[in-house]
Amino acid sequence: MENSTHPQDPNTMASMYSSSLEALQLPLENLYLFDNSSLSLNASSTGLFPDPQRNHGLGFSRVGSFRSCLDDFSGKSTNLGSSMFDNVNWFNGFSNGSPGFQPIFSLDSEYSYGYSNWVIDMAKTEEGSKDLQKMLSTSTNNNMIFSWVFDFIVELMIDQSGRYLFQKLIESADETQLQMILEKLLVPHNYIYYASLLKYGSCSIKKLITVLEKSPLITCVIKALSYKFEKLMMDPIGHYVIFECLDVLDSQTNDPLNIQAMKECLELARHEQGSVSMSGFVTRIKGPRRDQLLNLISRNSAFLAQDPTGNYVVQCVIRLQNPAMNDQIFRNLEGYYVKLSTTKTGSYVVEHCLLSSGLDRVINELLRSDRLVSVAKDRYGNYVVQTALKESKKREISLHGSLVVKLEQHLKCLQHGYGRNVLSVLRSLQ
């Protein structure tokens with residue numbers, strides 16, 4: 001079959017693909033189709049996008065790959081119910097003729113590449129992608145399309161329109177095809193990580209996580225993500241892939257991520273995007289690691305409360321209303337409440353303490369301090385004193401009375417600057 005140069009105009013391409021869709025329905029004897037009963041892992045991945053000059057008509061399978069991968073990731077033997085996973089190591093050679101390889105199909109290079117290239121171009125158009133998705137209704141079509149797009153699977157999953165075909169394809173793929181896709185994404189480069197950083201790629205990875213939820217293959221994905229946990233959590237797109245794992249998978253499966261969260265917690269909390277991601281992680285984590293992570297943050301609350309971004313993570317833990325963790329935070333912050341009240345970041349933490357069970361600790365420290373009036377006149381501290389007055393009026397009337405008495409001794413000082421805000425609250429609560 002001769003390769004032809006396809007028009008590059010999207011509308012022209014979409015029209016041509018629509019009119020030529022019947023070409024995909026060629027008689028089976030004229031097309032190469034994967035046989036599910038003998039389909040082996042394909043190791044033709046080079047870590048680069050496919051090169052038109054290389055042979056697309058020859059694929060190689062490396063038996064044993066994913067059993068070794070899963071054993072390495074999970075620390076135990078994994079039975080995938082197939083004898084093809086025996087006696088070959090995970091990082092066996094990746095070249096034609098290596099001991100761990102067997103050719104599984106052979107087509108004329110020009111013939112195979114022509115169809116693969118044409119289908120990928122089609123999948124990158126909105127209409128073409130929809131037409132290909134409609135074809136994924138029978139196992140015959142599934143295998144046919146899978147065989148054409150496999151070498152371009154990374155390119156497909158990060159494309160605006162192509163990602164929809166990728167997502168539909170993995171929904172209909174069998175376990176062996178999913179193994180092939182994972183090997184393509186993991187060896188020799190961690191494409192799962194790189195795709196997670198891209199707008200459309202992250203959508204594809206999240207779908208892959210959902211599809212593999214009940215499969216032992218999910219351990220490979222989790223391990224790959226855990227290796228790049230810190231970078232993903234610091235990325236405005238990548239952290240959503242981590243969240244998808246927490247939302248969809250159980251705590252045991254997510255354990256590698258939970259362990260990394262504890263290792264990287266303080267570093268992430270002091271990063272602008274990392275603190276936002278860490279706050280989201282704290283609210284989602286489940287299982288026994290949850291208390292370990294909360295305890296780690298609580299123990300370091302005095303340090304984090306003074307940090308421009310770390311304070312948000314402390315606020316997040318306080319809002320969870322975990323009595324044991326909050327009590328630890330309030331105790332760790334004792335002696336710092338006055339100082340924190342006069343800083344932008346710290347004042348937010350002190351207000352959160354006042355709004356929870358730390359009310360009495362904060363007010364008692366303010367009452368003992370000779371800096372109460374200074375705090376009330378401070379650009380940030382005045383908000384702390386206002387909150388203290390309002391909350392104590394509702395919950396601790398005796399503390400409220402003591403606070404009012406001490407402030408009324410300095411009414412003249414409060415008539416200027418930010419002190420007027422406190423004076424206004426005092427009068428409104430009388």
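Residues numbered from 1 in each chain as written. Predicted model: local features only at pLDDT ≥ 70, side-chain atom pairs only at ≥ 80, totals over all residues. Heavy atoms only, no water.

- The name an unreviewed UniProt entry assigns to the protein is PUM-HD domain-containing protein, from the organism Gossypium stocksii.
- UniProt, in the comment section headed Subcellular location (unreviewed entry), describes the protein in these words: "Cytoplasm". (UniProt positions renumbered as here; feature names shortened; annotations may be inferred.)

## Points about the overall build of the protein
- From N to C terminus, the protein includes 26 helices and two strands.
- Going through the 430 residues of the protein one by one, you find that 53% of them count as buried.
- Just so you have it, the protein exposes about 19,500 Å², and 48% of that area is on carbon and sulfur atoms. (Helix = DSSP H or I, 4+ residues; strand = E, 2+ residues; numbered from the N terminus. Buried < 20%, exposed > 50% of the residue type's maximum accessible area, 1.4 Å probe, protein only. Areas by Shrake-Rupley, 256 points an atom, 1.4 Å probe, with all protein chains shown as cover.)

## Remarks on the packing of helix α14 (residues 255-269) against helix α16 (residues 289-299)
- Contact geometry for α14 and α16: axes closest at 10 Å, N-to-C directions at 5 degrees. In terms of orientation, α14 and α16 fall into the roughly parallel class. In this structure, α14 contributes D255, N258, I259, A261, M262 and C265 to the contact, and α16 contributes R289, Q292, L293, L296 and I297.
- Class assignment for the residues of the contact of α14 with α16 results in seven nonpolar, two polar and two charged. (Axes fitted to C-alpha atoms, helices over the stretch in contact; angles between N-to-C directions. Parallel < 35°, antiparallel > 145°, perpendicular 65-115°, else oblique. Contact = heavy atoms within 4.5 Å. Nonpolar A, V, L, I, M, F, W, Y, C, P; charged D, E, K, R; others polar.)

## Remarks on the nonpolar core
- Core analysis: the largest hydrophobic core is formed by 109 residues, its most contacted members being L225, F281 and L407.
- Not counting residues up to four positions away in its chain, the partners in contact with F281 are F229, M233, I242, F243, L246, L257, N258, A261 and L293. (Core = buried A, V, L, I, M, F, W, Y, C linked by side-chain atoms within 4.5 Å.)

## Section: the pattern of salt bridges
- Enumeration according to the criterion identifies 13 salt bridges in this entry.
- One salt bridge in this structure joins E213 and K214, with 3.8 Å as the shortest N-O distance.
- We classify E213 as partly exposed; its relative accessible area is 32%.
- With a relative accessible area of 76%, K214 lands in the exposed category.
- Its salt-bridge partner being E391, residue K394 comes within 3.1 Å of it at the nearest N-O pair. Of the two residues, K394 and E391 both sit in helix α24 (residues 381-395), three residues apart, roughly one turn of that helix.
- Among the residues examined, K394 registers a relative accessible area of 62% and is labelled exposed.
- According to the relative accessible area criterion, E391 is buried, its value standing at 10%. (Salt bridge = Lys/Arg side-chain N within 4 Å of Asp/Glu carboxyl O.)

## What about the confidence of the model for the protein?
- Within the protein, residue pLDDT values average 79, and 73% of them lie at 70 or more.
- Contacts for the low-pLDDT stretch residues 1-112, under 50 throughout, to residues beyond four places or in other chains number 215 contacts. (pLDDT = per-residue confidence, 0-100.)

## Considering the UniProt feature "repeat: Pumilio" (unreviewed entry) in the protein
- Per the UniProt entry, the sites bearing "repeat: Pumilio" (unreviewed entry) are residues 148-183, 295-331 and 365-406 in this numbering.
- Helix makes up 75% of residues 148-183 and strand makes up 0%, while its end C-alpha atoms are separated by 17 Å.
- Helix makes up 78% of residues 295-331 and strand makes up 0%, while its end C-alpha atoms are separated by 13 Å.

## Notes on the environment of V313
- For V313, the location among the structural elements is in helix α18 (residues 310-319).
- With relative accessibility at 0%, the residue V313 sits in the buried group.
- Taking the C-alpha atoms as reference, V313 lies 6.8 Å from M278; in sequence the two are 35 residues apart.
- Apart from the residues lying within four places of it in its own chain, the contact partners of V313 are A269, S275, M278, S279 and I297.

## Focus: the packing of helix α21 (residues 344-354) against α24
- At a minimum axis distance of 9 Å, the contact between α21 and α24 shows a crossing angle of 5 degrees. On the basis of their axis angle, the class for α21 and α24 is roughly parallel. Of α24, the residues touching α21 (which contributes S347, V350, E351 and L354) are Y383, V384, T387, A388, E391 and R395.
- Looking at the contact of α21 with α24 residue by residue, the class counts come to five nonpolar, two polar and three charged.

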